[in-house]
Amino acid sequence: MTSPSDSPGPVPSHGTEPRTRETPQAQEKPLVEGMSALANMGWQILLTMGIASIALGVVALVWPGATLRVAGVLFGIYLLVTGVFELAAAFGAHVPRHLRVLHFITGAASILLGLVSFRGPLESLLLLALWIGFSWVLRGTTETAAAASVQDMPARGWHVAFGIIGTLAGIVMIIMPFASIATLTLVVGVMAIVLGLTEVVRAIRTRVEIGQLAPGTGTQRRPLFHARPHPQH
């Protein structure tokens, strides 16, 4: 005679099988692979940018005249594109009426200056130098005035110094446009080479660090609480 406690429990159906839980290592594998792919892409982008920067610096130093002509053409294209967008904004329905006149004047002036810059390399370089000079003067004056008016500005002395230097550099650019822009080309070339070498070194160091992290060598974390049987059991 069997007691009710000895009766067999419900028999699991054959169609259902217990689900196997993935181990933490299996769950972390896609994440590790994604991080590795992202790291490889990062050092490749750094290397490409570094090589391109070095090439640009070498071209600016070896062929400064050709570099200035290309810069003048690109500046003319920039003026034309900016002028077209400004004119389109002037006739937009979302722009207030009092700003449409300003957009129209700015766009027409940009298109006119862009067309003038395509008349020859001298005109384009002159416009580029004047554009840079006036922007430096405006930025330097604004930064100096802001630093002088705000007493508790962090690094207030540096802001004043940079503002004065930028203003003076802009004035020199306006007074001597061709000599200043030629000097600026040489400075940009040297800076591009230095920055390119820095990026290449960073890319190589990143590649070496990725190579040292071999897959599967990660240390496993020990559980904080060990499942040990109680002495009374």
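In case you missed it, the structure is sitting above this.
Treat the numbers as computed from the prediction; the structure is a model and nothing was measured. (Residues numbered from 1 in each chain as written. Predicted model: local features only at pLDDT ≥ 70, side-chain atom pairs only at ≥ 80, totals over all residues. Heavy atoms only, no water.)

Asker: Could you give an account of the nonpolar core, naming the residues involved and the relevant values?
Answerer: Taken as a class, soluble globular proteins show a tendency for nonpolar side chains to be buried jointly. Leu68, Phe75, Leu79, Leu125, Leu127, Leu128, Ala129, Ile132, Met173 and Ile181 form the largest nonpolar core, which has 10 residues in total. For this core, the secondary structure elements donating two or more residues are helix 2 (64-90) and helix 4 (121-149). Residues contacting Ala129, with those up to four places away along its chain left out, are Met173, Pro177 and Ile181. (Core = buried A, V, L, I, M, F, W, Y, C linked by side-chain atoms within 4.5 Å. Buried < 20%, exposed > 50% of the residue type's maximum accessible area, 1.4 Å probe, protein only. Helix = DSSP H or I, 4+ residues; strand = E, 2+ residues; numbered from the N terminus. Contact = heavy atoms within 4.5 Å.)

Asker: A description of the layout of surface pockets should follow, citing residues and the corresponding values.
Answerer: By volume, the second largest pocket amounts to about 310 Å³. As for the second largest pocket, its lining consists of 13 residues, of which Thr67, Leu68, Ala71, Thr185 and Val188 are closest to the centre. The set of elements that each furnish at least two residues to the lining of the second largest pocket consists of helix 1 (24-62), helix 2, helix 4 and helix 6 (177-212). Of the residues contributing to the lining of the second largest pocket, the split by class is 11 nonpolar, two polar and no charged. (1 Å grid on protein atoms, 1.4 Å probe; cavity = no way out; pocket = protein on both sides within 12 Å on 5 of 7 lines; lining within 4 Å. Points joined across faces, edges and corners; volume = space filled by probe spheres on them. Nonpolar A, V, L, I, M, F, W, Y, C, P; charged D, E, K, R; others polar.)

Asker: Outline helix 6, supporting the account with residue identities and numerical values.
Answerer: Compared with an ideal rise of 1.5 Å per residue, which puts 36 residues at 52 Å, helix 6 spans 52 Å between its outermost C-alpha atoms and is within 8% of the ideal. Among the residues of helix 6, Pro177, Ser180, Ile181, Thr185, Gly189, Ala192, Gly196, Glu199, Val200, Ala203 and Ile210 are the ones counted as buried. (Expected span 1.5 Å × (residues − 1).)

Asker: How would you summarise the packing of aromatic side chains if you had to cite specific residues and measurements?
Answerer: Tallied over the entire structure, the rule returns five aromatic pairs. Seen in terms of ring centroids, Trp158 and Phe162 are 5.9 Å apart; in terms of plane orientation they differ by 35°. Their pairing is tilted. Note that Trp158 and Phe162 are positioned in helix 5 (residues 156-175) at a spacing of four residues, about one turn of the helix. The class of Trp158 is exposed, set by a relative accessible area of 59%. By way of ring pairs, the aromatic residues Phe75, Tyr78 and Trp131 are connected into one cluster. (Phe/Tyr/Trp six-rings, centres within 6.5 Å; stacked < 30°, edge-to-face > 60°.)

Asker: Quick one: what's the story with a nonpolar patch on the surface, residue by residue and with numbers?
Answerer: Among the surface-exposed residues, Val58, Val59, Leu61, Val62, Trp63, Leu186, Val190 and Val194 lie close enough to one another that they form a single nonpolar patch of about 670 Å² accessible area. For the nonpolar patch, the secondary-structure elements that each account for two or more residues are helix 1 and helix 6. Per-element accounting of the nonpolar patch gives the leading share, four residues, to helix 1. Position of Val194 among the secondary structure elements: in helix 6. (Patch = residues over 30% accessible without salt bridge, like charges linked within 9 Å, V, L, I, M, F, W, Y side chains within 5 Å. Areas by Shrake-Rupley, 256 points an atom, 1.4 Å probe, with all protein chains shown as cover. Salt bridge = Lys/Arg side-chain N within 4 Å of Asp/Glu carboxyl O.)

Asker: How would you explain the packing of helix 2 against helix 6 if you had to name every residue and give the values?
Answerer: Here helix 2 crosses helix 6 at 105°, and the two axes come no closer than 10 Å. Regarding the angle of helix 2 to helix 6, the classification is roughly perpendicular. Counted together, Pro64, Thr67 and Leu68 of helix 2 and Ile181, Ala182 and Thr185 of helix 6 form the full contact between these two elements. Of the residues assigned to the contact of helix 2 with helix 6, the class counts are four nonpolar, two polar and no charged. (Axes fitted to C-alpha atoms, helices over the stretch in contact; angles between N-to-C directions. Parallel < 35°, antiparallel > 145°, perpendicular 65-115°, else oblique.)

Asker: Any chance you could break down the environment of Ala147 for me, citing the residues and the numbers?
Answerer: With respect to the helices and strands, the residue Ala147 is situated in helix 4. For Ala147 and Gly157, which are 10 residues apart along the polypeptide, the C-alpha to C-alpha distance reads 7.8 Å. When sequence neighbours within four positions are dropped, the list of residues in contact with Ala147 reads Met153, Arg156, His159 and Val160.

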